[in-house]
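A structural walkthrough
Spelled out from the first residue to the last, the chains are:
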Amino acid sequence: MKTETLQVKTNEKALNGFTIDDIGDDHLYTGLKTPLKKDAFKLSDTKKKERIAILFEEIMEVMGLDLTDDSLKGTPQRVAKMYIDEIFSGLNPKNKPKVALFDNKYQYNQMLVEKNITLYSNCEHHFVPIIGKAHVAYISSGKVIGLSKLNRIVQYYAKRPQVQERLTNQIANELKTILDTEDIAVIIDAKHLCVSSRGIKDETSSTITAFYGGAFNTPQKILELQNYIKN
Ligand SMILES: [Zn+2]
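Here the structure is a predicted model, which means the values were calculated and not measured. (Residues numbered from 1 in each chain as written. Predicted model: local features only at pLDDT ≥ 70, side-chain atom pairs only at ≥ 80, totals over all residues. Heavy atoms only, no water.)

1. Here's the deal with the pairing of strand β2 (residues 112–123)
- Direction of pairing for β2 relative to strand β3 (residues 129–138): antiparallel, over a ladder of 9 bridges. Residue pairing across strands places Glu114 opposite Val136, the latter belonging to β3.
- Between β2 and β3, which pair antiparallel and follow one another directly, the connecting turn spans 5 residues, one of which, Phe127, has a positive phi of 55°.
- Alignment of β2 against strand β5 (residues 161–162), held across 2 bridges, turns out to be parallel. Note on β5: the bridge partner recorded for Asn122 is Pro161. (Pairing = 2+ DSSP bridges. Helix = DSSP H or I, 4+ residues; strand = E, 2+ residues; numbered from the N terminus.)

The following block contains the structure:
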């Protein structure tokens, strides 16, 4: 019973009054901003990697793994480097893609859709992969953006511990700000390994989230967009 109630309560106060046992495997979305500590960037990347390697080594040791084994001994350092330099590099604003805008010289005033953007993220509740596709669209308010920058913005926000609802809205919010328009759409279709490889072990389900802003928030535009992205 609790599960059903919680799934619709995806708002700021969703956790209030509930313990992690009540929530279990439900994936709650608590706000637009990734919850970061105030001093999140006090340590340098080098120091963070050193600390994570020590801590991950301890996790492996607690699990009983033999860290003197040739295959395992480099794992704590590899995991630390992967966390900071790759899969969680989007936590640090210094890694935000630099975006140049151009004048809309072509006078193109219909939607532009960048579809099937490869998406790799990680679920913040289990730290296992989220794998899928993102589709983003905008209608120019006078400026246009380099196409590859759309992919880079998606990837920047994906490289954080995430929930799919927040990821969708963070990408939309960034595009709204950069392109100075409300006319933005973001659709994400992704598989969560915490659902497919463990827990309920459902291999066929995927999760779809969507943001339709401004001119996109009409039945006609949504239909048009869905027509473009269907394979
Ligand atoms: Zn999860």
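There's more to say after this.
2. Examining the pattern of salt bridges
- Scanning the model with the defined rule gives 11 salt bridges in all.
- Its salt-bridge partner being Asp85, residue Lys81 comes within 3.4 Å of it at the nearest N-O pair. Here Lys81 pairs with Asp85, and both are found in helix α4 (residues 75–87), just 4 residues apart, close to one helical turn.
- The partner of Glu182 in a salt bridge is Lys176, and the shortest N-O contact between them spans 3.7 Å.
- Salt bridges linked by common partners bring Lys49, Lys81 and Asp85 together as one network. (Salt bridge = Lys/Arg side-chain N within 4 Å of Asp/Glu carboxyl O.)

3. A short note on the side chain of Lys48
- Inspection of the secondary structure assignment puts Lys48 in helix α3 (residues 45–62).
- The buried charged residue Lys48 lacks any salt bridge, with Asp45 as its nearest oppositely charged partner at 4.9 Å.
- Setting aside chain neighbours within four positions, we find Lys48 in contact with Ala40, Phe41, Leu43 and Ile84. (Buried < 20%, exposed > 50% of the residue type's maximum accessible area, 1.4 Å probe, protein only. Lys, Arg positive; Asp, Glu negative; His and termini not counted. Contact = heavy atoms within 4.5 Å.)

4. Things to note about a nonpolar patch on the surface
- Taken together, the side chains of Ile59, Met63 and Leu65 present a nonpolar region at the surface, about 290 Å² in accessible area.
- The topology assignment puts Ile59 in helix α3.
- The exposure class assigned to Ile59 is partly exposed, which follows from its relative accessible area of 44%. (Patch = residues over 30% accessible without salt bridge, like charges linked within 9 Å, V, L, I, M, F, W, Y side chains within 5 Å. Areas by Shrake-Rupley, 256 points an atom, 1.4 Å probe, with all protein chains shown as cover.)

5. Some remarks on the sheet that holds β3
- Within the open sheet, the 5 strands sit side by side as β5-β2-β3-β6-β7. Their pairing is mixed. The open sheet has two edge strands, β5 and β7 (207–212), and neither has a second partner.
- Strand contacts of helix α8 (residues 219–229): β2, β3, β6 (184–192) and β7, with the helix running at about 75° to β2, the strand carrying the most contacts. (Axes fitted to C-alpha atoms, helices over the stretch in contact; angles between N-to-C directions.)

6. Here's the deal with the packing of helix α5 (residues 147–158) against helix α6 (residues 164–179)
- It is at 9 Å that the axes of α5 and α6 come closest, and there the two elements cross at 135°. Looking at the two axes, α5 sits oblique to α6. Along this stretch, α5 crosses α6, giving a crossing that reads as right-handed. Each of Leu150, Ile153, Val154, Tyr157 and Ala158 in α5 lies in contact with α6, whose residues at this interface are Leu167, Gln170, Ile171, Glu174, Leu175 and Ile178.
- Looking at the contact of α5 with α6, its residues break down into 9 nonpolar, 1 polar and 1 charged. (Parallel < 35°, antiparallel > 145°, perpendicular 65-115°, else oblique. Left-handed = near helix turned anticlockwise from the far one by under 90°. Nonpolar A, V, L, I, M, F, W, Y, C, P; charged D, E, K, R; others polar.)

7. Notes on the packing of aromatic side chains
- What the rule picks out here adds up to 4 aromatic pairs.
- Ring centres of Phe88 and Phe127 lie 5.3 Å apart, and the angle between their planes is 55°; this geometry places the pair in the tilted category. With Phe88 in the loop between α4 and β1 (101–103) and Phe127 in the loop between β2 and β3, this pair connects stretches of sequence that are 39 residues apart.
- Three or more aromatic residues joined by ring pairs form one cluster here, namely Tyr83, Phe88 and Phe127. (Phe/Tyr/Trp six-rings, centres within 6.5 Å; stacked < 30°, edge-to-face > 60°.)

8. Quick word on the packing of α3 against α4
- Relative to each other, α3 and α4 sit at 135°, their axes nearing to 8 Å. Classified by the angle their axes make, α3 and α4 are oblique. As for the relative orientation of α3 and α4, their crossing is right-handed in sense. Contacts between α3 and α4 involve Asp45, Lys48, Lys49, Ile52, Ala53, Phe56, Glu57 and Met60 from the former and Thr75, Pro76, Gln77, Val79, Ala80, Lys81, Tyr83, Ile84 and Asp85 from the latter.
- Of the residues assigned to the contact of α3 with α4, the class counts are 9 nonpolar, 2 polar and 6 charged.

Don't take any of this as a statement about function, it's just geometry.
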